[in-house]
Amino acid sequence: MIISGHQPNYLPWLGYFHKMMSCDLFVILDDVLLSRAEITKKNKIKGPEGARLLSVPLKRKRAFIKDTTIYNEISWCFNHWGSLETCYARSPYWKQYKELFYPIYHNREENLANLNLRLIEVIRSILGITTPLVRSSEHPEIQGSKGDLVISLCQHFQADIYLSGNGARAYNNEQAFERSGIRLVYQDFQHPVYPQLWGDFLPNLSAVDLIFNCGPNSRDYLTKQVIL
């Protein structure tokens, strides 16, 4: 079995969903600390000025992701929805998909992980990704950090292959994986170029950029990584 995982990021990019579609089980790593870079709370979309950053305000910035609360005393939901509407109202599929996102932005969520998972579920449904998801916080018997945590995940779910993002090369102990009988494979994601509003193509945006521009054809721009 091929397993992979990632933190529950806000409006993730296409590489996130490519990894999800390329494994048999995807683990939402929500019982790890929010990174200092805080990538779990922000991402970019594209507007007439170019890339536009959307960032969710937080009450506490150094907590486990599952315990991270949103600072709802400011109207960030209204602002984010307004940005999405401004950037994508002219796109071919805004009207078709906006109602799937509207309730999330108009019913305030207190917990960052829960907010992000609601958005992830909508996006993966549109992309036709059916890989099962589990939250690591629901399995407290899984212990460790970084590479050790990944090995523990694989052993717990009896996976023999771990699909890793390339950013983990810095801390993955390949010898430890080999000793544990787990094959370590790195993600091979080639970012697609697709029709996009507002000038020259910009890569590495939230997956909603693809969805609002390409609609039902969005899945055609993602190719599952074949691991033999």
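For the structure, check the block above.
Caption draft 1: Spatial organisation of unusual backbone geometry. Of note, the phi angle at Leu 11 is positive, near 40°, even though the residue is not glycine. As for its placement among the helices and strands, Leu 11 is situated in the loop between strand 1 (2-6) and helix 1 (14-21). With phi around 65°, Trp 198 is a residue other than glycine that occupies positive phi space. In this structure, Trp 198 sits in the loop between strand 7 (183-186) and helix 7 (207-214).

Caption draft 2: Just the pairing of strand 4 (residues 50-55), in detail. Direction of pairing for strand 3 (residues 42-47) relative to strand 4: antiparallel, over a ladder of six bridges. Counterpart to Ile 45 in the pairing with strand 4 is Arg 52. Adjacent in sequence and paired antiparallel, strand 3 and strand 4 are bridged by two residues.

Caption draft 3: Representation of the sheet that holds strand 6 (residues 161-164) within the structure. A sheet is described by the order of its strands in space; here five strands give the open sequence 5-2-1-6-7, paired in parallel fashion. At either margin of the open sheet sits one strand with a lone partner, and together these are strand 5 (133-135) and strand 7. Averaged over all pairs of adjacent strands, the angle between strand axes in this sheet comes to 30°, irrespective of strand direction.

Definitions and cut-offs
Residues numbered from 1 in each chain as written. Predicted model: local features only at pLDDT ≥ 70, side-chain atom pairs only at ≥ 80, totals over all residues. Heavy atoms only, no water. Helix = DSSP H or I, 4+ residues; strand = E, 2+ residues; numbered from the N terminus. Pairing = 2+ DSSP bridges. Axes fitted to C-alpha atoms, helices over the stretch in contact; angles between N-to-C directions.

Everything listed here is a matter of geometry and, on its own, says nothing about what the molecule does.
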